[in-house]
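A closer look at the structure
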Amino acid sequence: MLSVSVRDSENAWFKIEEVGPQKVAVCLYGEWDIAKGLPVWRDVEQALSSFQNIKHVCFEVDNLSMWDSSLPTFIIKCENYCEASKIHFDDTHLPSGLRNLLELSRAIPEAEIEQDEKHKHFLYRLGETCLNFFHHSVEILTFLGLSFVSVGRFFAGRAQFRKKDFFLILQQCGADALPIVTLISFLVGFTLAFVGAVQLQAFGADVYVANLVGLGMVREMGAMMAAIIMCGRSGAAFASQIGSMKVSEEIDALETLGISPIDFLVLPRMIALFFMMPLPCLYADFVGIFGGITVGIGMLDLTYTQYIKQTQAAIDLADFSTGVIKSTVFGALVVVTGCLRGMQCGRSSAAVGVAATSAVVSGITAIVVADSLFTLIFNALGI
């Protein structure tokens, strides 16, 4: 019988011997301890290749005194070699503990390593982008459809949500947000007035600072700044709350109980922010105008009455209506992006933070795009 012995290490070695027709046994000897040195797998592969027409490989471990995690690694390499060479691999003679480790390694698939982006072909990246866009579009349309159905159930009196949750969200989106809305709106109005005053003083048109601040706050900045604040405050909160419930499987529990998560979680937030958003917008308008008054009186020596009358002459009800309409749409965008990202959240704790960040980024982007479209539409309509 042909046999090949390899002894690269003083403590661990092996011998491959022919034990039958087209059958070899790998006999292990010594202490297989990675700290004391192990045989090189290349030598094992060369030894196996020296046998002709092998159809069966088994192991003999009677002379093995001890082993650590290096032995399962060695056996897995041998198994992979046999699989590639279409050789039957027999592990029945291995210790039970070692076989359990091998079964565990087989049960957990090896993680697939994604191909580096720079090595992907342009058409591959284009197709991947199109598929992702289609997938996300379907998710968004599905969410919007379910939300509209939930709103229909609300008006029909069949929506399943708790009224106390609705009033709590109403307070969080309204009164609790006033301090930050006050600070930001005042500073925006103050900044608009200051920048305008520097330019208008050169023409002796100081009084038109009131026009600049009034129109800027009422038509654009009031609605936009209130919406951005709500996006960073409420939109992120919605995404993290719903995402946390998804991670803890509370949403799965609601579905098991026959309660629609859209009704129970999304609908109260949607209604609360949709109807509450115009109020912070109007509040931001007046606070921003007050910030402009501070600059007008303190820097331009305008009187309070003069500034107020100039503001009243510059803005009218149509300007206020423009801002209110924008704020209502902005509120809908904030709640949709926040709740959508929450429902799309993964199952890990890290995914909650990703969902909150994505909600803020998506919400602000949607607000800016919508404001640009409103500006074009209102300009075309002469409003």
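Here we summarise the structure given alongside this text. What you are looking at is a predicted structure, and each value in this text was computed from that prediction instead of being measured.

In this structure the tally under the stated criterion is 9 aromatic pairs. Considering the side-chain rings of Phe-154 and Phe-161, the 6.0 Å spacing of their centres and the 35° angle between planes classify their relative orientation as tilted. Aromatic side chains Phe-166 and Phe-167 sit 5.3 Å apart centroid to centroid with 65° between the ring planes, which places their arrangement in the edge-to-face category. Take Phe-167: its relative accessible area is 52%, and that puts it in the exposed class. Aromatic ring contacts, followed pair by pair, group Phe-154, Phe-155 and Phe-161 into a single cluster.

What follows is about the nonpolar core. If you look at soluble globular proteins, the nonpolar side chains tend to sit buried side by side. In this structure, Phe-143 and Leu-273 are the most contacted members of the largest nonpolar core, which totals 43 residues. Looking at this core, the elements with two or more residues in it are α5 (163-173), α7 (209-247), α8 (250-256), α9 (261-276), α10 (278-299), α12 (317-343) and α13 (349-381). Filtering out sequence-adjacent residues up to four positions away, Leu-273 remains in contact with Cys-173, Met-230, Phe-238, Gly-331, Val-334 and Val-335. In this structure, Val-24, Val-26, Phe-74 and Leu-98 belong to the second largest nonpolar core, which totals 27 residues.

Another aspect to go through is the pattern of salt bridges. For the structure shown, the criterion picks out 6 salt bridges. With a closest N to O distance of 2.7 Å, Arg-153 and Asp-263 form a salt bridge. Linking Arg-153 in helix α4 (residues 122-155) with Asp-263 in helix α9, this pair joins segments that are 110 residues apart in sequence. Here Asp-252 ties to Arg-347 by a salt bridge, and the two come within 3.2 Å at their closest N and O atoms. With Asp-252 in helix α8 and Arg-347 in the loop between α12 and α13, this residue pair connects regions lying 95 residues apart in the sequence. Residue classification places Asp-252 among the partly exposed positions, given a relative accessible area of 27%. Here Arg-347 falls in the partly exposed class, since its relative accessible area comes to 49%. Residues joined in a network through salt bridges with shared partners are Glu-220, Lys-326 and Asp-371.

Definitions and limits used
- Residues numbered from 1 in each chain as written.
- Predicted model: local features only at pLDDT ≥ 70, side-chain atom pairs only at ≥ 80, totals over all residues.
- Heavy atoms only, no water.
- Phe/Tyr/Trp six-rings, centres within 6.5 Å; stacked < 30°, edge-to-face > 60°.
- Buried < 20%, exposed > 50% of the residue type's maximum accessible area, 1.4 Å probe, protein only.
- Core = buried A, V, L, I, M, F, W, Y, C linked by side-chain atoms within 4.5 Å.
- Helix = DSSP H or I, 4+ residues; strand = E, 2+ residues; numbered from the N terminus.
- Contact = heavy atoms within 4.5 Å.
- Salt bridge = Lys/Arg side-chain N within 4 Å of Asp/Glu carboxyl O.

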